[in-house]
Amino acid sequence: MTEMKRPEPPVSEISAPFWDATRSGELVFQWCVDCERVVFYPRTICPGCLGDRLEWRPSRGIGRVYAVTVEPRDTNPQFPLRAPYAVALVDVEDGARMLTNIVGCDPLTVTVGMPVAVTWEPLSDGRQLPQFTPTEGGGP
Amino acid sequence: MTPRVDRTLRGAAALVGVADAVSPTGQLDTFGRALEAAMVREALADAGLALADVDGVCHHASSVAFAEYLGIHPTFTDSTSTGGSSFEIHVEHAAAAIAAGVCDVVVGVYAGTPRSDRKRFGGPRRRGGPADAEVMAEWEWPYGMRMPMGAYALAASRHMAEFGTTSEQLAQIAVSTREWAARNPRARYRDPITIDDVLGSPMESSPLHRLDCCLVTDGAGAFVLTSAERAAVLAKPPVFVLGAATCHDHMMISQMPDLTTTPGAVSGPAAFAMAGMKPIDVDVLMGYDSFTITALLHLEDLGFCAKGEGGPFAADGKLGPGGALPMNTNGGGLSYTHPGMYGMFLIVEAVRQLRGESGERQVSDANVAVAHGSGMVLSVMSTLVLGTEAVR
């Protein structure tokens, strides 16, 4: 294989709606209807109230960096990003905190609190992997 | 109506035997069950007890398989596996079982030989549950975070942004810990280091430098715990379990509610409350130092300083020899040993300090020690407050 690949995420029955939405570039989150709490990663029950009235809602896909680390060396030859690259936790404004990469910028310039918006990297099966990229002023 | 009974494990059980195996080369000749059995043998000898006395067993993988290997039929068994904090939890559970009369003599053991395994097996032996792996494969692995240092780096990043903590302050923890290691002839690294050495060491996952990270060594250890009554007639001065508590609030770092506050903020105060003590009473702090940031978070969460003040608190060198709060006096995971799950060594050193057996690194008049284990990625915290007869 010459193509550089990521370790592609498996899909569970519960998380299928999340990954299906990525095919059209839509970021969706599971919400508990009863306690209005975002549920992430996707589950069969709400970890707040144990209720099972969960629904999927679209997100605008904007947020801020909660924490960031830059990996200085390539450790996986299959990984598409070349070091240095940024791994971050992003608080999505109308969603949840996600682990992700910050792309489209010098990784060393990524800071906690930086406004970011979702961007997509195609996976081999038509799904897309959500990543984030810096924005001006916090919104599109 | 049945009257309510005050239930406590305070002072009901004591650590009476310990052993560990390490080498300045970082490698051991034996591994696996043979090494585990040797540790149990040594710890029992240290206690003046025999295998036939043992009626409880703790093992982080399978206490059942290990008891079969030993040929014993325990009435208490614990396979709690929470990463590096497994062994503090084993002590907690065993002490409770002894207090409740479930058993009388419990052994716990650990052996890890990742350094030799590279040669022996051509790489690390795999562990971990498939259910855990699936959720990590879906939500974390695609992003190329190096584990475990990437997770701890995120915590350090957040602490720096929120509280102004600096790399220099984190580095001082590594420097102070190395000062202790210099006084331990069995430590892996003993040469003094400076803050500049830490900052000049290669960046791992930013902001953590190589010298902010624990070692990878072979190592093994064991403990023996029995009732206070039985401890009184054994060879060595008993070290009593005065307080014990555990808490976990996530498995994956991306699920940690607040990256600047660990579940030690729950286990620590609970263990102190059980012991009837406060951080000011502690003579020796053994706080799991997988990374400098890990130790810093313990200082705050256990109440040695306020949240956010760990950096300035550590920066004056008070954690090193001669300082106000001796921490990780064996040289810690940063300089003594770290076979992957280091919690056992916290217990062993705490016992040795409270017995006055720590030689050149002995803290004078040590009567209270805390062994605070941290498992997985700041996920599972277990706090033991240990004390001598004088403070029981």
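Here is a short report on the structure shown in this document. (Residues numbered from 1 in each chain as written. Chains lettered and ligands numbered in written order. Predicted model: local features only at pLDDT ≥ 70, side-chain atom pairs only at ≥ 80, totals over all residues.)

The next subject is the overall build of chain B. When helices and strands are counted, chain B shows 14 helices and 9 strands. Dimensions of chain B, computed from the C-alpha atoms along their principal axes, are close to 55 × 50 × 45 Å. Residue burial in chain B is summarised as follows: out of 392 residues, 58% are buried. For chain B, restricting intrachain contacts to residue pairs at least 6 apart in sequence, the fraction spanning at least 24 positions comes to 75%. (Helix = DSSP H or I, 4+ residues; strand = E, 2+ residues; numbered from the N terminus. Buried ≥ 20, exposed ≤ 12 C-beta atoms within 10 Å, placed from the backbone. Contact = placed C-beta atoms within 7 Å.)

On to the nonpolar core, then. Proteins that are soluble and globular tend to have nonpolar side chains buried together. Grouped together as the largest cluster of nonpolar side chains are 146 residues, with contacts concentrated most on Ala-43, Val-224, Leu-225, Val-241, Ile-347, Ala-369 and Leu-386 of chain B. Discounting chain neighbours no more than four positions away, the residues touching Ala-43 of chain B are Gly-17, Val-18, Ala-19, Val-107, Ala-222, Phe-223 and Val-224 of chain B. Among the nonpolar cores identified, the runner-up in size contains 6 residues, and Cys-32, Val-39, Phe-40 and Cys-46 of chain A belong to it. (Core = buried A, V, L, I, M, F, W, Y, C linked by C-beta atoms within 7 Å.)

Quick look at the pairing of strand 1 (residues 13-21) of chain B now. Residue and element names in this part refer to chain B. Within strand 1, 9 of the 9 residues are buried, leaving the element largely enclosed by the surrounding structure. Bridge count for strand 1 against strand 5 (residues 219-227) is 8 bridges, and the pairing is antiparallel. Counted as the bridge partner of Ala-21 is Ala-220 from strand 5. (Pairing = 2+ DSSP bridges.)

Counting from both sides, the interface comprises 23 residues of chain B and, opposite them, 29 residues of chain A. Elements with a minimum of two residues in the side of chain B that touches chain A: helix 5 (130-139) and helix 6 (149-163) of chain B. Looking at the side of chain B that touches chain A element by element, the count peaks at 6 residues for helix 6 of chain B.

All names here are of chain B. Compared with an ideal rise of 1.5 Å per residue, which puts 13 residues at 18 Å, helix 14 (residues 343-355) spans 19 Å between its outermost C-alpha atoms and is within 8% of the ideal. The buried fraction of helix 14 amounts to 12 of the 13 residues, a majority that puts the element mostly inside the structure. Buried within helix 14 are the following residues: Gly-343, Met-344, Phe-345, Leu-346, Ile-347, Val-348, Glu-349, Ala-350, Val-351, Arg-352, Gln-353 and Leu-354. Positive backbone phi, approximately 75°, marks Gly-356, located one or two places after helix 14. (Expected span 1.5 Å × (residues − 1).)

Attention shifts here to the sheet that holds strand 3 (residues 76-78) of chain B. Residue and element names in this part refer to chain B. Taken together, the 9 strands give an open sheet; going across it, the order is 3-2-4-5-1-6-9-8-7, and neighbouring strands pair in mixed fashion. The open sheet is flanked by strand 3 and strand 7 (284-287), the only strands paired with a single partner. Recorded for the sheet is a direction-independent mean angle of 20° between the axes of neighbouring strands. Bridge analysis of strand 6 (residues 239-248) against strand 9 (residues 380-387) gives 8 bridges, and the strand direction is antiparallel. The residue of strand 9 that forms the bridge with Phe-240 is Gly-387. Running at roughly 135° to strand 1, helix 1 (residues 32-47) makes contact with strand 1, strand 4 (105-112) and strand 5 of the sheet. (Axes fitted to C-alpha atoms, helices over the stretch in contact; angles between N-to-C directions.)

What follows covers unusual backbone geometry. In this chain, Phe-40 of chain A is followed by Tyr-41 of chain A through a cis amide linkage whose omega measures 0°. In this structure, the amide linkage connecting Met-147 of chain B to the following residue, Pro-148 of chain B, adopts the cis form with an omega of 5°. Mapped onto the fold, Pro-148 of chain B is located in the loop between helix 5 and helix 6. A positive phi angle is found at Asn-328 of chain B, which is not glycine, with a value near 55°. With respect to the element layout, Asn-328 of chain B can be found in the loop between helix 12 (310-315) and helix 13 (332-336). Exposure remark for Asn-328 of chain B: the 27 C-beta atoms within 10 Å place this residue in the buried category. The backbone of Asp-365 of chain B sits at a positive phi, close to 55°, despite the residue not being glycine. You can see Asp-365 of chain B is positioned in the loop between helix 14 and strand 8 (368-375).

All names here are of chain B. Residue position: Lys-307 is located in the loop between helix 11 (292-301) and helix 12. In this structure the C-alpha to C-alpha distance between Lys-307 and Ala-265, which are 42 residues apart in sequence, comes to 9.8 Å. Setting aside chain neighbours within four positions, we find Lys-307 in contact with Thr-261 and Glu-300.

What follows is about the pairing of strand 4 of chain B. Residues and elements named next belong to chain B. In terms of burial, strand 4 is a largely internal element, 8 of the 8 residues being buried. With burial as the criterion, each face of strand 4 is covered, one bearing Val-105, Val-107, Val-109 and Ala-111 and the other bearing Val-106, Gly-108, Tyr-110 and Gly-112. Bridge count between strand 2 (residues 56-58) and strand 4: 3 bridges; the pairing is parallel. Bridging from a neighbouring strand, Cys-58 pairs with Gly-108 of strand 4. Pairing between strand 4 and strand 5: 8 bridges, direction antiparallel. Bridge pairing in strand 5 links Ala-111 to Ala-220.

What follows covers the environment of Ile-253 of chain B. Residue and element names in this part refer to chain B. Tracing the chain through its elements places Ile-253 in the loop between strand 6 and helix 10 (264-275). Overall, the presence of 25 C-beta atoms within 10 Å leaves Ile-253 in the buried class. Taking the C-alpha atoms as reference points, Ile-253 and Leu-154, separated by 99 residues in sequence, lie 8.5 Å from one another. Sequence-distant contacts of Ile-253, that is, excluding residues within four places in its chain, are made with Ala-151, Leu-154 and Val-377.

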